[in-house]
Amino acid sequence: MPETDRFDIVVVGAGHAGCEAAAAAANLGSRVLLVTMNMGTIAGMSCNPAMGGIAKGQIVREIDALGGYSGIVTDHTMIQFRMLNRSKGPAMWSPRAQSDRMAFSQLWRKTLENIPGVSFREDEVTGLLTENGKVTGVTTRLGITVKADAVILTTGTFLNGIIHIGDTRLTGGRIGEKSSVGITETLMSHGFKKGRLKTGTPVRVDGRTIDFSKLEEQPGDENPGKFSFTDTPPLTRQRSCYLAYTSEEVHDILRTGFDKSPLFGGAIQGTGPRYCPSIEDKIERFSDRDSHQLFIEPEGWETVETYVNGFSSSLPEEVQYKALRRIRGFENARIFRPGYAIEYDYFPPDQLKATLETKPLENLWFAGQINGTTGYEEAAAQGLMAGINAHLKRKGEDPLILKRSEAYIGVLIDDLISKDIDEPYRMFTSRAEYRILLRQSNADLRLTPLSHRIGLASDARYARVQMKTEAIEKLQHFIEHTSIGLDAANAILERVGEGPLKQKMKAAALLLRPQIGLDQLSDAIPGWNDQFKAIPGSIRAEVMEEVEIRIKYQNYIQKEQELVTRMGKYEHIPIHHAGNFHEIKALSFEAREKLNRFRPATIGQASRISGISPADIAVLMVLYQKG
């Protein structure tokens, strides 16, 4: 690569964030250079071999709806699929897939190599080129200078990463891979503030040495779903996961290593994820429990490597090994590698705009764990949005900023830029106040038109959404305006154990009953076959599901939509204040401090910052409502 070579956008790091960023920007028309220290670990699954889960599954579907690739790659490489929370309402349904770790990485690399606008370099970025407060390129370990209009940093756990196994400390961003040095120091020289976070991973076990007959089998769904709204192949065979349990004996063995624990001894300074603690942390925090559940997950079709989810640890390897062998089914287990903890630098995301561009330096974007998040899905979503917005800015176009009412991705980014992030951030359904609107099933209806407008989602994707929308509206209108005969209705009610009716009823009214689904009702609706056949087969199941949800939950959906409208007025009132908020004496002292720190773009963002009261919002409304 010539020293004078130039790209539109340089993406640093090829994890989940970097892959989505590079793909999105290139598909929009930018010339992208993706720089990674190891071409063999593109989109590597550093922790568990799975995508999706509670709220995370919704994010993967949103990435797909916007034109990203995480869902497509997952569908092609998954070995098990489960829809979690089916016993709850549709706002909580969350798809999750076990992935073939090696196939996932290989397909992501192949996908990127098939995008003409993406170029690659195996090298380490060590510094940024800047001019007048703007980033203009990068410098690398091998002495190459690359000029660019924009740079996206997706550095994962590699910034000054330190690996801990007992009292052993290794520099690295992943086991066997070196850490990245230079970027943190460069950013701090430009006024960025940084912090340290910690995460961990469990032992990997040789599956041939596990007695699975002693474990509880967890098969995939009988009729497995998928993530992508495109025509990805159905999953026709699956591998089971299993449940195992620790015991008091296991805990006692683990406790023998606590004196050499970097977590308890103070060697680890970074804050770890509250919702995914290490096994030693769980033993300490939940001392009243004599057992903890473990999820035993296969790593692929063609490997015996097995992931022991829930047994993350940084204890000495010999302690991990001894304790593991006291778990039922693991008496003869052999390990491929021990669990470890890793500390790394991150940059508190109050230093970001809603586009994920940094405030201290123009034309620089952050995505993924550099922002204090955890999880492949959160990282991929940020990478996608950073890639989109870096491209849009260099083209002089308006940014794409998703609202909290439009997407979990909108909730994620808004939380990052408006809340204190002092521990690894993880998405949950409870973080989304409009979650009945943000169902995994309707992500394409919500987001594909937005993405198509900016040129990312293809014409074919948009045409599919238009066809689906039309089919949903027609079928819903039909069900709401067609009555079911009295005899047919009473036969259905008798089957579900309910009393008879005295007069015929609209099909939609019967569908409101919790025990009755559209599949039970459809044959009794006059004219159903004609309506059903009119729906294209490729979208028929999705249309049926969406119509049933809309009818059954119409009151809840309507209430949330009304709340969105009511709160929306705050989202559209910009805060134009370039100076010091301490000048506004009508605000509380804490509000002035927080406003100076977070610099919210709208009153809606300001209202979600901890410490800013309704009285403070009222002051801001008076100041800025007239624009």
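The structure displayed is predicted, hence computed values, not measured ones.

Draft legend 1. Main features of the overall build of the protein. A tally of regular secondary structure across the protein gives 22 helices and 21 strands. Taken against the 2.2 N^0.38 rule, which gives 25 Å for 627 residues, the C-alpha radius of gyration of the protein at 26 Å falls within 12% of a compact globule. The C-alpha extent of the protein, read off along each of the three principal axes, is 80 × 70 × 50 Å. A buried classification covers 59% of the 627 residues belonging to the protein. The contacts in the protein between residues at least 6 apart in sequence include a share of 72% that link residues at least 24 apart. Approximately 26000 Å² of the protein is accessible, and the part contributed by carbon and sulfur atoms is 49%.

Draft legend 2. Quick look at the packing of helix H1 (residues 16-28) against helix H10 (residues 376-394). One can describe the packing of H1 onto H10 by two numbers: an axis separation of 7 Å at closest approach and a directional angle of 30 degrees. When the interaxial angle is binned, H1 and H10 end up roughly parallel. In this structure, H1 meets H10 at a crossing whose hand is right-handed. Listed contacts from H10 to His16, Ala17, Glu20, Ala21, Ala24, Ala25 and Leu28 of H1 are Tyr376, Ala379, Ala380, Gly383, Leu384, Gly387, Ile388 and His391. Here the residues of the contact of H1 with H10 sort into 10 nonpolar, four polar and one charged.

Draft legend 3. A look at the pattern of salt bridges. Applying the stated criterion across every chain, the model contains 47 salt bridges. Between Asp252 and Arg255 there is a salt bridge, and its shortest N-O distance comes to 2.8 Å. Of this pair, Asp252 and Arg255 are both found in helix H6 (residues 248-255), three residues apart, which corresponds to roughly one turn of the helix. Judged by its relative accessible area of 41%, Asp252 falls in the partly exposed class. Between Asp414 and Arg608 there is a salt bridge, and its shortest N-O distance comes to 2.4 Å. With Asp414 in helix H11 (residues 408-418) and Arg608 in the loop between helix H21 (603-607) and helix H22 (614-624), the pair connects residues that are 194 residues apart, well separated along the chain. Comparing Asp414 with Arg608 shows no difference in burial state: the two are buried.

Draft legend 4. Fine view of the sheet that holds strand E4 (residues 78-84). Spatially, three strands are ordered E3-E5-E4 in an open sheet, and the strand pairing comes out antiparallel. Where the open sheet ends on each side, the last strands, each with one partner, are strand E3 (50-52) and E4. Averaged over all neighbouring strand pairs, the angle between strand axes comes to 15 degrees, with direction disregarded. Pairing of E4 with strand E5 (residues 94-99), which is carried by six bridges, proceeds in the antiparallel orientation. Note that in E5 the partner of Gln80 across the bridge is Gln98.

Draft legend 5. Structural detail: the side chain of His16. You can see His16 is positioned in helix H1. At 3.2 Å, the side chain of His16 and the backbone oxygen of Gly44 are in polar contact. Once residues within four sequence positions are removed from consideration, His16 is found in contact with Ala43, Gly44, Met45, Met51, Phe104, Tyr376 and Ala380.

Draft legend 6. How the structure looks around unusual backbone geometry. In this structure, Asn160 is a non-glycine residue whose phi angle is positive, near 50 degrees. Looking at the secondary structure, you find Asn160 in the loop between strand E9 (145-153) and strand E10 (162-165). The phi torsion at Leu356 lies on the positive side, around 80 degrees, for a residue other than glycine. Residue position: Leu356 is located in the loop between strand E18 (340-346) and strand E19 (364-366).

Draft legend 7. Quick look at the packing of helix H2 (residues 56-66) against H10. Relative to each other, H2 and H10 sit at 25 degrees, their axes nearing to 9 Å. Comparing the axis directions of H2 and H10 gives the class roughly parallel. Considering how the two elements wind past one another, H2 and H10 form a crossing that is left-handed. Across the interface between the two elements, Lys56, Ile59, Val60, Ile63 and Leu66 from H2 touch Glu377, Glu378, Ala380, Ala381, Leu384 and Met385 from H10. Residue composition of the contact of H2 with H10, by class: eight nonpolar, no polar and three charged.

So, how was this worked out
- Residues numbered from 1 in each chain as written.
- Predicted model: local features only at pLDDT ≥ 70, side-chain atom pairs only at ≥ 80, totals over all residues.
- Heavy atoms only, no water.
- Helix = DSSP H or I, 4+ residues; strand = E, 2+ residues; numbered from the N terminus.
- Rg over C-alpha atoms; globule rule 2.2 N^0.38 Å.
- Buried < 20%, exposed > 50% of the residue type's maximum accessible area, 1.4 Å probe, protein only.
- Contact = heavy atoms within 4.5 Å.
- Areas by Shrake-Rupley, 256 points an atom, 1.4 Å probe, with all protein chains shown as cover.
- Axes fitted to C-alpha atoms, helices over the stretch in contact; angles between N-to-C directions.
- Parallel < 35°, antiparallel > 145°, perpendicular 65-115°, else oblique.
- Left-handed = near helix turned anticlockwise from the far one by under 90°.
- Nonpolar A, V, L, I, M, F, W, Y, C, P; charged D, E, K, R; others polar.
- Salt bridge = Lys/Arg side-chain N within 4 Å of Asp/Glu carboxyl O.
- Pairing = 2+ DSSP bridges.
- Polar contact = N/O pair within 3.5 Å; in protein donor to acceptor, adjacent residues only side chain to side chain.

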